[in-house]
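The chain contents come next:
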Amino acid sequence: MRKTVLFILLITQSVVAQTIKGTFLQAKNTEIVVKSFEGFIEKELTKTTCDSVGNFTIHYPIEYTGAALLQIQNTSSVIVLLNHENFEMQWENFQDFTTLKFINSPENEAFAKGFAINQEIEQKLTGLRYLLPLYQNNTTNENWLQNEISNQEQIFEKYIESLPKESYVKHYLTYRKY
């Protein structure tokens, strides 16, 4: 009888929520809140507290699909994509986004990669656009700069096109870009 009740409870829990597990060494004994967005209003989905070594497990509603803000109390926050995935996160340094790792989450891995690609492209475009007027009297260099600007502008678009049509990340990155 006890085994049956425990089994039913476990099944019920897996149907009602998805799980994010993680390790944030800088967030020992710290509260983590996951908030959804309803227009411009943030709404708390769930929260938990990291243990004494920075490990946490948080459950979010299975019916929620979309971007969410994972806030680490008085420290940092990061956007995560929730699309029916149970996944893990590791973040070694809250000041360095490149140390954020997602495990078993194609949506969030693709989002992090797209975010990094876009940042790099924007930095390059800023430099190229700055140089363009300086070479307006040098047709060869001006043409090269214009071609390079065009090439850079297409990199992110090609990345977006490479993502699966059904993925939430494809729609979200497109929305965030424009």
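Overview of the structure. (Residues numbered from 1 in each chain as written. Predicted model: local features only at pLDDT ≥ 70, side-chain atom pairs only at ≥ 80, totals over all residues. Heavy atoms only, no water.)

Next up on the list: the packing of aromatic side chains. According to the stated counting rule, one finds nine aromatic pairs in the structure shown. Between the aromatic rings of Phe 24 and Phe 94, the centroid separation amounts to 5.7 Å while the plane-to-plane angle is 90°, which identifies the pairing as edge-to-face. You can see Phe 24 sitting in the loop between strand E1 (17–23) and strand E2 (31–38) and its partner Phe 94 sitting in the loop between strand E7 (87–91) and strand E8 (100–103), a full 70 residues away along the chain. Summarising the burial analysis for this pair, Phe 24 and Phe 94 share the class buried. Feature note: the residues Phe 97, Phe 111, Phe 115, Tyr 168 and Tyr 172 constitute an aromatic cluster, connected by ring pairs. (Phe/Tyr/Trp six-rings, centres within 6.5 Å; stacked < 30°, edge-to-face > 60°. Helix = DSSP H or I, 4+ residues; strand = E, 2+ residues; numbered from the N terminus. Buried < 20%, exposed > 50% of the residue type's maximum accessible area, 1.4 Å probe, protein only.)

Turning to the packing of helix H3 (residues 139–162) against helix H4 (residues 168–177), a few remarks are in order. Relative orientation of the contacting elements H3 and H4 amounts to 155°, with a least axis distance of 9 Å. In terms of orientation, H3 lies roughly antiparallel with respect to H4. The two elements H3 and H4 meet at a crossing, and its hand is left-handed. Residue-level contacts link Phe 156, Tyr 159, Ile 160 and Glu 161 of H3 to Lys 170, Leu 173, Thr 174 and Lys 177 of H4. Of the residues in the contact of H3 with H4, the class split is four nonpolar, one polar and three charged. (Axes fitted to C-alpha atoms, helices over the stretch in contact; angles between N-to-C directions. Parallel < 35°, antiparallel > 145°, perpendicular 65-115°, else oblique. Left-handed = near helix turned anticlockwise from the far one by under 90°. Contact = heavy atoms within 4.5 Å. Nonpolar A, V, L, I, M, F, W, Y, C, P; charged D, E, K, R; others polar.)

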